[in-house]
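Breakdown of the fold
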Amino acid sequence: MSKIEVKICMGTTCFVMGASHLQELVEILPAKYPDTVDVMGVPCLDLCSNESKYTNAPYVKINDEIISDATTEKVLKHIERLLEDGQE
Amino acid sequence: MFIDIDCAQEKKYGQNTYGDKFLSKRYPEKGELIAVLSDGLGSGIKANILASMTATMLLKFVEAGRSIKRTCEVVMNALPVCEVRKISYSTFSVAVCTEEGDVKIVEEGNPQFVYISDGKVIEPEFTVIDSETFKNRHMHVYKLKLKLGDRLVFCSDGVTQAGLGNPELKLGLRRSGLIKCLLERLQEKPDISSSELSKYIVRIACNTEVDRHAKDDISCCVIHYREPRKALIFTGPPYHMEKDRQYALEFKNAEGKKAICGGTTANLISRELNIPVKCDITGSVGKLPAVSKMEGVDLVTEGILTLTRTVEYLENGFKDKEKNAAYELMEFLLNSDCIEFMVGAKLNQAHYDPNLPIEIEIRKNIIKKMAKILEDKYIKKVIVRYI
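Throughout what follows, the structure given in this document is the object of discussion. Remember, it's a predicted structure, so these values are computed and weren't measured experimentally.

Within chain A, the secondary structure is distributed over three helices and four strands. Mapped in sequence order, the helices and strands of chain A form the string β-α-α-β-β-β-α. Taken across its 88 residues, chain A has 38% of its residues classed as buried. Put simply, of all contacts in chain A between residues at least 6 apart along the chain, 62% involve residues at least 24 apart.

Glancing now at the interface of chain B and chain A. Listed as interface residues are 29 residues of chain B and, on the opposing side, 24 residues of chain A. Where the side of chain B that touches chain A is concerned, the elements lending two or more residues are α7 (263–273), β14 (277–279) and α8 (304–316) of chain B. Among the elements that make up the side of chain B that touches chain A, the one with the highest residue count is α7 of chain B (four residues). When grouped by side-chain class, the residues that make up the side of chain B that touches chain A number 14 nonpolar, eleven polar and four charged.

The biggest cluster of nonpolar side chains holds 71 residues, and the ones touching the most others in it are Ile8, Cys9, Met10, Cys14 and Val60 of chain A together with Leu329 of chain B. For Met10 of chain A, the contacting residues outside a window of four places in its chain are Phe15, Ala19, Gly41, Val42 and Pro43 of chain A together with Gly263, Cys279, Ile281, Pro289 and Glu302 of chain B.

Paired through their backbone hydrogen bonds, the strands of a sheet run either parallel or antiparallel. Residue and element names in this part refer to chain B. Taken in spatial order, the five strands make up an open sheet running β1-β11-β10-β6-β7, and their pairing is antiparallel. With one partner strand each, in any of the chains shown, β1 (2–10) and β7 (120–122) form the two edges of the open sheet. Shown here is a sheet whose adjacent strand axes are inclined to one another by a mean of 25°, direction ignored. Sheet topology places strand β6 (residues 114–117) next to strand β10 (residues 151–155); three bridges connect them, and they run antiparallel. In the sheet register, Tyr115 faces β10, and the bridge partner there is Leu152. This element, helix α4 (residues 174–188), spans β6, β7 and β10 of the sheet and lies at about 30° to β6.

What follows concerns the sheet that holds strand β8 (residues 127–130) of chain B. Residue and element names in this part refer to chain B. Read from one edge of the open sheet, six strands run β2-β3-β4-β5-β9-β8, paired in antiparallel fashion. Each end of this open sheet is capped by a strand with a single partner; those strands are β2 (20–27) and β8. On average, each strand axis in the sheet is tilted by 15° relative to the strand beside it, whichever way the strands run. Bridging between strand β4 (residues 90–98) and strand β5 (residues 102–108) involves five bridges; their strand directions are antiparallel. Bridge assignment links Ala95 to a residue of β5, and that residue is Ile105.

Reading the values: the criteria
Residues numbered from 1 in each chain as written. Chains lettered and ligands numbered in written order. Predicted model: local features only at pLDDT ≥ 70, side-chain atom pairs only at ≥ 80, totals over all residues. Helix = DSSP H or I, 4+ residues; strand = E, 2+ residues; numbered from the N terminus. Buried ≥ 20, exposed ≤ 12 C-beta atoms within 10 Å, placed from the backbone. Contact = placed C-beta atoms within 7 Å. Nonpolar A, V, L, I, M, F, W, Y, C, P; charged D, E, K, R; others polar. Core = buried A, V, L, I, M, F, W, Y, C linked by C-beta atoms within 7 Å. Pairing = 2+ DSSP bridges. Axes fitted to C-alpha atoms, helices over the stretch in contact; angles between N-to-C directions.

Here it is as structure tokens:
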């Protein structure tokens, strides 16, 4: 199974809406899932400028799925679910 | 040519203010720069007043194109007379420099300046003008033609007399000692900035003193003719999306150092030029977004928040404990002479969402403010283009 890719948006909107706190994932994820999860920041996921669709910053992208109103807990839960699905 | 100028100073030990005064002003439309260094009689407040008056008056008179002889008479007559010594006195050096390299220098009382070209000291010819009303006051007038890489070093006698009384340096550092230090330092670091070289000389002078206590006010001013350091900052996506590629290519092909401020902008350039951008998020929680890396670009930061913080730093100085992206952007700007901003005019609606917890300014306004500070306070050449 390929690694789960977690991308945290570091754009202005996401950052002020909470992505600054999501930065803790950079420490949490590699410690918890050293072999299964890759985490990185991206300058911007270019989602917030699409006003009709995305108004719930901050955003995190996990593989191809977009998590809106992202929190550390929400991201961790999503990863756990993906890992469980992968094992089945 | 660009004229890089800076002055470093140290107060006489135990005094609470400087007895030397340095002033300089650039006239971008004329491509000219005037610099004045004055050393007031004595030290402390009295010397500071004498030196400040001398420097300010000289700058104003020279700026107005008055004859230097007449100017000096006026200045000497205007200075208050010292109660102890019954004389009014302050020494000075004035330099009028053009970007083409024509330099006119008038010295009175200060140690002779050092002219360094191609790693060697040149002793230029001068004419002497005597003061009509004040005996023993002679002005030395120099006319020079400087070329790229040349330097002029001015100092107060606090530098040349540093170490006086030191058993090894009975007459102090002297001009010869200063020249030796300058040439050694320039050999080590030929492209040293005026700011760094002037600080270095002041440090050497202080360290030469007995107990490292400055016995007089110490000042060193360096003028360096060099190629302007160009910088280009791309911030914000262009208004017309179809022009993205054109602007990205222009950014890529520009000379000098480059920075991108903005996540969307970084993505745009990454996409158009096919260069990956890597974001480093090891920065601590709650601070500014950290810088990213992109090949061929010297600095990549987030946009509005970083720019706003950089303006704050440029205005009030850097006081935070940790160096962040805004600090790096400030350094990037201050280490450049000619700065061009390419400001994308497209708005991001999300920034105007009332739910956003902090005030986010309009990009154009921040850049306007930043350009003004860079021009007025830091004497940079700034160009702003809206795209």
